[in-house]
Amino acid sequence: MEYDFRRIEEKWKKVWDEKEVYKVTEDSARPKYYVLDMFPYPSGAGLHVGHPLGYVASDIYARYKRLKGYNVLHPMGYDAFGLPAEQYAIETGTHPAETTRKAIQRYREQLDKIGFSFDWSRQVKTCDPAYYKWTQWIFLQLYNSWYNRETDRAEPIDSLIQKFKSGQLQPEIGEWSSLSEADQQRTLMKYRLVYLSFAEVNWCEALGCVLANDEVKDGKSERGGYPVEKRKMRQWFLRITEYSDRLLEGLNRVDWSESLKEQQRNWIGRSEGALIKFRLPTAHSQEERVEGIDVFTTRPDTIFGATFLVIAPEHEWVKKLTTTEQQKAIANYITYVKSRTDVERQQEKKVTGEFTGSYALNPFTGTEIPIYIAEYVLAGYGTGAIMAVPADDERDHRFAEKFGLPVIDVIDRSMHPGAAMEDKVGKMINSHFLNGMEVKEAIAAVLNEIEKRGIGQRKVNYKQRDAIYSRQRYWGEPIPMHYKVVGKPDLPFGESNDVPYPVFDPSPLELPVVSSFKPTGDGRSPLANNEEWVKNHYETDTMPGYAGSSWYFLRYMDPQNDKEFAAKSKIDYWQNVDVYFGGAEHAVGHLLYSRMWHKVLFDLGYVNTDEPFKKLVNQGMIQGVSRFIYRGSARPDVIIPFNKIESELTGDELKLLGINSIDDLGLICPIHVDISLVDEHGNLKIDEFKKWRPEYGNAVFLLNADGHYHCGSSVEKMSKSKYNVVNPDEVIAKYGADCFRMFEMFLGPIEQSKPWDDKGISGVSNFLKKFWRLFYEQGVWQVTEETANAVELKVLHKTLQKLEDDIERLNFNTCISGFMIATNELNSLACHKRSVLEPLVISIAPFAPFVAEELWEKLGNSGCVHHAAFPKVEPKYLIESSHKYPVSINGKVRAEIELPLDITPQEAENEVLGLDSVKKWTNGNPPKKFIYVKGRIVNVVV
RNA sequence: GCCGAAGUGGCGGAAUUGGUAGACGCGCACGACUCAAAAUCGUGUGCCCUCGGGCGUGUGGGUUCGAUUCCCACCUUCGGUACCA
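*Asks:* Lay out the domain arrangement of chain A in plain terms, naming residues and giving numbers.
*Replies:* Each assigned domain of chain A is listed here: domain 1 (22-136 + 547-618), domain 2 (152-264 + 466-545), domain 3 (271-461), domain 4 (622-716), domain 5 (732-877) and domain 6 (882-941). Taking only C-alpha atoms into account, the centre of domain 5 sits 38 Å from that of domain 6.

Structure representation (structure tokens):
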């Protein structure tokens, strides 16, 4: 019987499905293990070979853990709300639900072919009302909670109300009991973990909605690359900043890659420093008096070098600080700043600013220092004001240079030649009581002094902002809130009496059917045109993409529950995710939001762990190899092969084209061609190409000397637009799913990105055939019941040992070579013994589940190989009595000698020095030194 | 600029604690089978060489009997981030 993967894979797919072999239930008798994949957004393009890389790895791990006796939760679902389906709806009128349903169906077909062990009965779809009902429920938990900084955890809002009632806390606007209902609500809104606020947001006109900070890259939208502008709007926010410290602290307790943890740390951006008040000279009192300006600094030690203050152009006191003489200049400057987009600001960093006319007093020296406004100081960070120390800060220095402001050196860095301005090293100078101190010492000393004199206090600042939660879109979870009075989106919250209240009924608040998906154009979502929404004064914005994905891993634990988001007993059993496989692109989005939600649920007692993902693996990307043809701008009818674009053309070619040199073709540009039109040697199939692109029908293709057109190539992201996509369906049709799985792993370490190279796949395909031949040779069953000998058992147990070590460390690529080595060795030993082959079949089952199941059955087993037990490694078969030592002379290997492992160093030395090949180097003289490392190496120093 | 990861044959990559660098696979060369080809199987394959050996893990130094592995400086690539005071 030949290895017929098509028949085998068809057969077992059906059997596994019918028998529900991957269905899992809570089982207190067995230890749990939770292996999770980041669930995909089902896009219309389907999967390419890069997508399943992480799924294959996690599936191998899940299957391995199952064989090891764990009760493994390994689910899959869909992150099904999102912009692409809605954009498509705007363009075509097709309902996003329909687009999404089709895409999911296609994903499922593709996934099924690869032989994953997902428990599909636990599938979730975030756009399913039965699912988002609970997303809304969690939203309301957040809404009905506040962060108690005294207990350092989230608590129900009732405990806050109690504090107000009892007078322990005082609302800003008056006695709690004297406040109107609306004012009480507005007060509570300042504490709720999701809250309504009026603030500057990232508005993307093209997408018609606001974006969270992590969805904006370089001033453009991450999705689509559209321009993003600042706009003040009434929005829901997630009060994630209350969790900044705990989100930082938790990173020390999870097993994630250093780079990913670092990204989260940088995003949160905690910095310790001081808030220092700079008073204004009394002589300079304004109409409305400004007592002083608070600045935030991480370098209070440099305060004696602070020669001016800079405040953000948006700072609330700009008006008050501006003197009459400076009013015009300041007004002009503010107009200029407003005209600058974020993109411009980031691309051309100009040194700009304007003097307000006012002065402040350096609290230590009493010196009057000028106050400037400048765009390099951001309103949103710290206090929006800085003390500028030009001697010790690059930006302040540039500013001082431009405006001719004094520079006072305060740190002597002569002992640290390579140190930059911002480095915290050196000795203090020109700084009165700090003189002579090291920087770190000085920081501590000045902080004490600042607090003693009451001019400021220690302060921790964060870069992280509260996340914007509202999206002015249709295809998302409705926010379950309604208003008693509807406010206007362009009016600050609180000025239009628009207090929101939760919608408890109907539950869930289901997305209505609408006829148009277009945004209203005035910043509101398509729901603002919906009769029911208008009538009930429902919130018309929907939730962001990260809402549904912030808790889906909990829903997998109890996906059908319609009473709770998940039953306590099930959460108690599954707890949290043991290993999470996914891309690093969600470093500061999804992975930060889910951690926050999980911590809130933990504080409120709904989950029993405070970190959702114990271990995280970022699989690399599989890139595509794009192919190009080349064309000159002046002669679009001429196609030049890759090898000729940088060389001279032959005389015949020049004559043919009627030009004098290759330069006459103009600027030569590459054009992507579909990789299916290029053969394995990189030559273009010209006729097929012309069929694909008829506009090139009459083009002249210059050829290489061998008569072919050779294409250029480059490694890029795999994408439809680059025509370099490899579809797993095709690979599986040609080689089978087992081969596809093993090849994806064989490509290299899981975290590494690498291009797809289908040349190498034949190696894995050959291996599977070879492995099969251990069982069937020329269609004849080879397996015998003979007793295995020591050599054969050593091959088996060495392999099992390697597999265990490598799988635990997620080194799946070396597992594959382990199988290859074992197969080669057993092949040359002509070993066909059941006692060796049967354990091998179990151990290969996680990698190649189909062929393993088929051979398991052929070996006469009735059950499923995936419910078997991983074979135990017997160390007794691995014990060696002697070792073949490499003998190095002065560190270079010159000889080899087999020595018993129990030999003494002295005996070893005698043996080694007696070797002819060693005598050649020692000339019979005793060595300077003799090193004997048991089981490793012998080194003779002469 | 800053932070993080990485640099090993023609290619993908291996070397787990400082102990034979290049496992395994691709490719290539030769051979077997075949009328022939494909497929398959076998052998060889880091580079140089005067066949003694020499050189080799981005570059230059260091520690060590011994360094891909540890230390210092630098170069390159990739990822993230950027007026964050």
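*Asks:* Let's hear about the protein's contact with RNA strand B: which residues, and what values?
*Replies:* Close contacts around RNA strand B come from 51 residues, with Ser259, Thr298, Arg395, Leu747 and Asn939 the closest. One of the side-chain N or O atoms of tyrosine 381 is found 2.7 Å from a phosphate oxygen in RNA strand B. Here a base oxygen of RNA strand B sits 2.5 Å away from a polar atom, N or O, in the side chain of asparagine 939. Residue contributions to the surface near RNA strand B peak at six residues, all from helix 26 (residues 812-828). Here the residues of the surface near RNA strand B are counted per class, giving 17 nonpolar, 16 polar and 18 charged.

*Asks:* So what about the nonpolar core? Which residues, and what values?
*Replies:* If you look at the biggest cluster of nonpolar residues, it comprises 183 residues, and the most contacted ones within it are Trp236, Leu238, Tyr469, Tyr552, Met742, Phe775 and Phe847. Residue contributions to this core peak at nine residues, all from helix 2 (residues 52-67). Those residues in contact with tyrosine 469 that lie beyond four places of it in its chain are Phe139, Trp236, Phe237, Leu238, Ile479, Thr542, Met543, Pro544, Tyr546, Ala547 and Trp597. In terms of nonpolar packing, the next biggest core, distinct from the first, is built from 49 residues, Ile330, Ile369, Ala385 and Met428 among them.

*Asks:* How would you sum up the sheet that holds strand 10 (residues 271-279)? Please name residues and give values.
*Replies:* Taken in spatial order, the three strands line up as 11-10-18 in an open sheet, and their pairing is antiparallel. Edge positions in the sheet fall to strand 11 (292-297) and strand 18 (456-461), since each has one partner strand and no second. Adjacent strand axes in the sheet meet at a mean angle of 30 degrees, parallel and antiparallel pairs treated alike. Bridge count between strand 10 and strand 18: six bridges; the pairing is antiparallel.

*Asks:* Can you tell me about the packing of helix 24 (residues 761-773) against helix 26, naming the residues and giving the values?
*Replies:* Axis separation between helix 24 and helix 26 bottoms out at 10 Å; the angle between their running directions is 45 degrees. In terms of orientation, helix 24 and helix 26 fall into the oblique class. For the pair helix 24 and helix 26, the sense of crossing is left-handed. For the pair helix 24 and helix 26, the contacting residues are Gly763, Val764, Phe767, Lys770 and Phe771 in the first and Phe819, Met820, Thr823 and Asn824 in the second.

*Asks:* Describe the environment of valine 851, naming the residues involved and giving the relevant values.
*Replies:* Relative to the helices and strands, valine 851 resides in helix 28 (residues 849-858). Dropping the residues within four chain positions of it, valine 851 is found in contact with Tyr3, Ile8, Asp738, Leu768 and Trp772.

*Asks:* Kindly report on the environment of histidine 586, identifying the contributing residues and their values.
*Replies:* Relative to the helices and strands, histidine 586 resides in the loop between strand 22 (577-582) and helix 19 (590-603). Sequence separation of histidine 586 and asparagine 362 is 224 residues, and the distance between their C-alpha atoms is 44 Å. Every residue in contact with histidine 586, bar those within four places of it in the chain, is listed here: Met38 and Leu591.

*Asks:* Could you give an account of helix 14 (residues 439-453), naming the residues involved and the relevant values?
*Replies:* Between its terminal C-alpha atoms helix 14 stretches 21 Å, which fits the 21 Å expected from 15 residues at 1.5 Å a residue. Among all positions of helix 14, only Val439, Ala442, Ile443, Ala445, Val446, Leu447, Glu449 and Ile450 are buried. Close packing links the buried residues of helix 14 with strand 10, strand 16 (411-412), strand 17 (427-428) and strand 18. Count one or two residues on from helix 14 and you reach glycine 454, which has phi positive near 70 degrees.

*Asks:* Could you give an account of helix 19, with specific residues and numbers?
*Replies:* For helix 19, spanning 14 residues, the distance from its first C-alpha to its last is 20 Å, which sits close to the expected 20 Å at 1.5 Å a residue. Of all 14 residues making up helix 19, 13 are buried, and the element is well covered by its neighbours. In the segment just after helix 19, glycine 605 is the residue with positive phi, at about 85 degrees.

*Asks:* How would you sum up the packing of aromatic side chains? Please name residues and give values.
*Replies:* On inspection of all chains with the given rule, the structure shows 66 aromatic pairs. Ring centres 6.2 Å apart and planes at 80 degrees place the aromatic pair phenylalanine 296 and tyrosine 381 in the edge-to-face group. In this pair, phenylalanine 296 sits in strand 11 while tyrosine 381 sits in the loop between strand 14 (368-373) and strand 15 (385-388), placing the two residues 85 residues apart along the sequence. The class of phenylalanine 296 is buried, set by a relative accessible area of 9%. A connected cluster of aromatic rings, assembled from ring pairs, spans Tyr3, Phe5, Phe767, Phe771, Trp772, Phe775, Tyr776 and Trp781. Lying over the aromatic face of tryptophan 16, arginine 63 brings its terminal NZ or CZ to 5.7 Å of the ring centre. The ring of tyrosine 143 has arginine 192 lying over it, and the distance from NZ or CZ to the ring centre is 3.9 Å.

*Asks:* Describe the pairing of strand 1 (residues 32-37), with residues and values.
*Replies:* The two faces of the sheet receive side chains in turn, since in a regular strand these alternate between them. Burial within strand 1 is extensive, with six of its six residues counted as buried. The two faces of strand 1 match: Lys32, Tyr34 and Leu36 on one face and Tyr33, Val35 and Asp37 on the other face are all buried. Both strand 1 and strand 2 (residues 71-73) contribute to a ladder of three bridges, which runs parallel. Within strand 2, the residue paired with tyrosine 33 across the bridge is valine 72. For the handedness criterion, the β-α-β arrangement of strand 1, helix 2 and strand 2 is classed as right-handed.

*Asks:* Mind laying out the side chain of arginine 471, listing which residues take part and the relevant values?
*Replies:* Considering the arrangement of structural elements, one finds arginine 471 in the loop between strand 19 (467-468) and strand 20 (481-483). Among the polar contacts made by the side chain of arginine 471, one reaches the side chain of glutamate 215 at a distance of 2.7 Å. Excluding residues that lie within four positions of it along the chain, arginine 471 makes contacts with Cys209, Val210, Leu211, Ala212, Glu215, Asp541, Thr542, Met543, Pro544 and Tyr546.

*Asks:* Hey, could you go over the sheet that holds strand 15 for me, with residue numbers and the actual values?
*Replies:* Read across the open sheet, the four strands follow the order 13-14-12-15; overall the sheet is mixed. A strand with exactly one partner marks an edge of an open sheet, and here the two such strands are strand 13 (354-361) and strand 15. Pairwise comparison of adjacent strand axes, ignoring direction, gives a mean angle of 30 degrees for this sheet. Alignment of strand 12 (residues 308-311) against strand 14, held across three bridges, turns out to be parallel. Looking across to strand 14, one finds that isoleucine 311 is bridged to isoleucine 373. Here helix 11 (residues 327-339) sits on the sheet in contact with strand 13 and strand 14, set at roughly 115 degrees to strand 13.

Reading guide: rules and limits
Residues numbered from 1 in each chain as written. Chains lettered and ligands numbered in written order. Predicted model: local features only at pLDDT ≥ 70, side-chain atom pairs only at ≥ 80, totals over all residues. Heavy atoms only, no water. Domains from an automatic or database assignment. Near = heavy atom within 4 Å. Polar contact = N/O pair within 3.5 Å; in protein donor to acceptor, adjacent residues only side chain to side chain. Helix = DSSP H or I, 4+ residues; strand = E, 2+ residues; numbered from the N terminus. Nonpolar A, V, L, I, M, F, W, Y, C, P; charged D, E, K, R; others polar. Core = buried A, V, L, I, M, F, W, Y, C linked by side-chain atoms within 4.5 Å. Buried < 20%, exposed > 50% of the residue type's maximum accessible area, 1.4 Å probe, protein only. Contact = heavy atoms within 4.5 Å. Pairing = 2+ DSSP bridges. Axes fitted to C-alpha atoms, helices over the stretch in contact; angles between N-to-C directions. Parallel < 35°, antiparallel > 145°, perpendicular 65-115°, else oblique. Left-handed = near helix turned anticlockwise from the far one by under 90°. Expected span 1.5 Å × (residues − 1). Phe/Tyr/Trp six-rings, centres within 6.5 Å; stacked < 30°, edge-to-face > 60°. Lys NZ or Arg CZ within 6 Å of the ring centre and 35° of its normal. Right-handed = clockwise from strand over helix to strand, strands pointing away.

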